[in-house]
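Report on the structure
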Amino acid sequence: MRATFMHKAGDVRVEDAPDPVVEHPTDAVVRIVRSCVCGSDLHPYHSLSAADGPAPMGHEFLGVVEELGSEVSGLSRGDLVLSPFAFADNTCEYCREGLHTSCPKGGFYGAGGVGGAQAEAIRVPQAQGTLVKLPAGVDASLLPSLLTLADVYGTGYHAAHQARVEPGDSVTVIGDGAVGLLAVLSAKQLGAERIVLMGRHQARTDLGRAFGATDVIAERGEEGIAKVRDLTGGHGTRAVLEAVGHMPAYEMAVGVVRPGGVISRVGVPQYEDAPVGFGSLFGPNVTLNGGPAPVRAYMDTLLPAVLDGTVDPGRVFDRAVSLEQTPEGYRAMDQREALKVMITF
């Protein structure tokens, strides 16, 4: 089969790779129908060393079941299925608590001997607990929105959920990438009254307004913080959803959160040390939470509105490429020529 590998920073190649097979009785093999490039894929695109490559890439997909291990029930060959970006057994104590990303039997695609999803097919460990069967005959026009449930929609929802967004709330979303825009959508769905989107790319922030943002702040740093505080009577917002992962975004989050508020981070942090002391979080009683989204925990909640067309998170895809064109998809996202690139097969 053909699959995508990153050899080093900036060097993405589509190459021949062994066809995946069932290795354990809890596995399935899925032929991929839709995949995509994630904003988090751009972190290794900027930093991966040649010594750490080649790395299989991709963790978002939906596809058709081709093979099933002997212990997998509830699925059949030919089923159209959706996968969260982290596989899990969906039965352990962590999964039962909605923390699938900490499942002892779980893991992430593209690591630990499991292939990536920017490929023609993939082996899915813990298939029974991981894969969500989609209705037969689902309209192809819904596939982009269904694909967002594998990561970016569920991750945006996780940001809002962990910030305890509720009706009447005030929220700031930092970042106008796909996750940030879908955090806006999620905050709106949870009833937020004021949603301030911090982003500076107009095509993206226009989509953010369509998803529910009431205000857009293009400025960054101290100037951006001052603008948000001006909008909110000097207080800042109770909830801050940080969807970038770089230190300047975290520092803006600290700057715009009101006393007693919550900073919910879902941008993969590219730092280890950050202000958490008296002057930043401790003194104003600010809560810091978030983490890798257990999107499997949210699929049952979010799926119905996608299937009936009530929400259209697939609008974040603004470019489609073939598998062989995947390196161009990385380049386009890195150069901000595309918001999110879908890979079609």
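Right above here is the structure, for reference.
Given the structure is predicted, the values throughout are model-derived calculations rather than measurements. Every residue gets a number counted from 1 within its own chain, in the order that chain's sequence is written. Totals for whole chains, interfaces and linings use every residue, but because this is a predicted model, local features are given only for residues with pLDDT of at least 70 and side-chain atom pairs only at 80 or more, for both listing and counting. Side-chain numbers come from the whole structure's heavy atoms, not from hydrogens or water.

Among all positions in helix α8 (residues 221-231), only Gly-224, Ile-225 and Val-228 are buried. In a view along the axis of α8, the buried residues occupy a sector of 100°, so they form one face of it. Opposite the buried face of α8, by more than 90 degrees, sit the exposed residues Glu-222, Glu-223 and Asp-230. A contact between two residues is defined here by any heavy atoms of the two lying within 4.5 Å. Per the convention used, a helix needs a DSSP run of H or I reaching at least four residues, while a strand needs a run of E reaching at least two, with both numbered from the N terminus. At its buried positions, α8 is contacted by β11 (170-174), β12 (194-198), β13 (215-217) and α9 (247-256). Just beyond α8, the residue with positive phi is Gly-233, at close to 65°. Only protein chains enter the area calculation, which uses a 1.4 Å probe; residues under 20% of their type maximum are buried, those over 50% are exposed, and those in between are partly exposed. Throughout, the arc means that of the directions going from the helix axis to the C-beta atoms.

Cavity means a closed set of points on a 1 Å grid over the protein atoms alone, one where a 1.4 Å probe fits but cannot get out, pocket means an open set with protein on both sides within 12 Å along at least 5 of 7 lines, and lining means a residue has an atom within 4 Å of a point. Grid points are joined across faces, edges and corners, and a volume is the space filled by probe spheres set on the points. Tallied over the entire structure, the rule returns one cavity of 30 Å³ or more. Taken as a whole, the largest cavity encloses approximately 30 Å³ of empty space. As for the largest cavity, its lining consists of Pro-84, Phe-85, Ala-86, His-100, Thr-101, Ala-293, Pro-294, Val-295 and Arg-296. Each residue receives one of three labels: charged for Asp, Glu, Lys and Arg, nonpolar for Ala, Val, Leu, Ile, Met, Phe, Trp, Tyr, Cys and Pro, and polar for the others, Gly being one of them. Tallied by class, residues from the lining of the largest cavity come to six nonpolar, two polar and one charged.

Where a strand is regular, its side chains alternate between the two sheet faces. Of all the seven residues making up strand β1 (residues 2-8), five are buried; the element is thus mostly covered by neighbouring parts of the structure. For β1 and strand β2 (residues 11-16), the ladder comprises six bridges, and the chain directions are antiparallel. Each bridged residue has a counterpart across the sheet, and for Phe-5 the counterpart in β2 is Arg-13. Strand pairing follows a simple DSSP-based rule, namely that at least 2 bridges must link the two strands. The hairpin formed by β1 and β2 contains two residues between the paired strands, and Gly-10 there has a positive phi angle of roughly 80°.

By themselves, these observations are geometric and do not establish any function.
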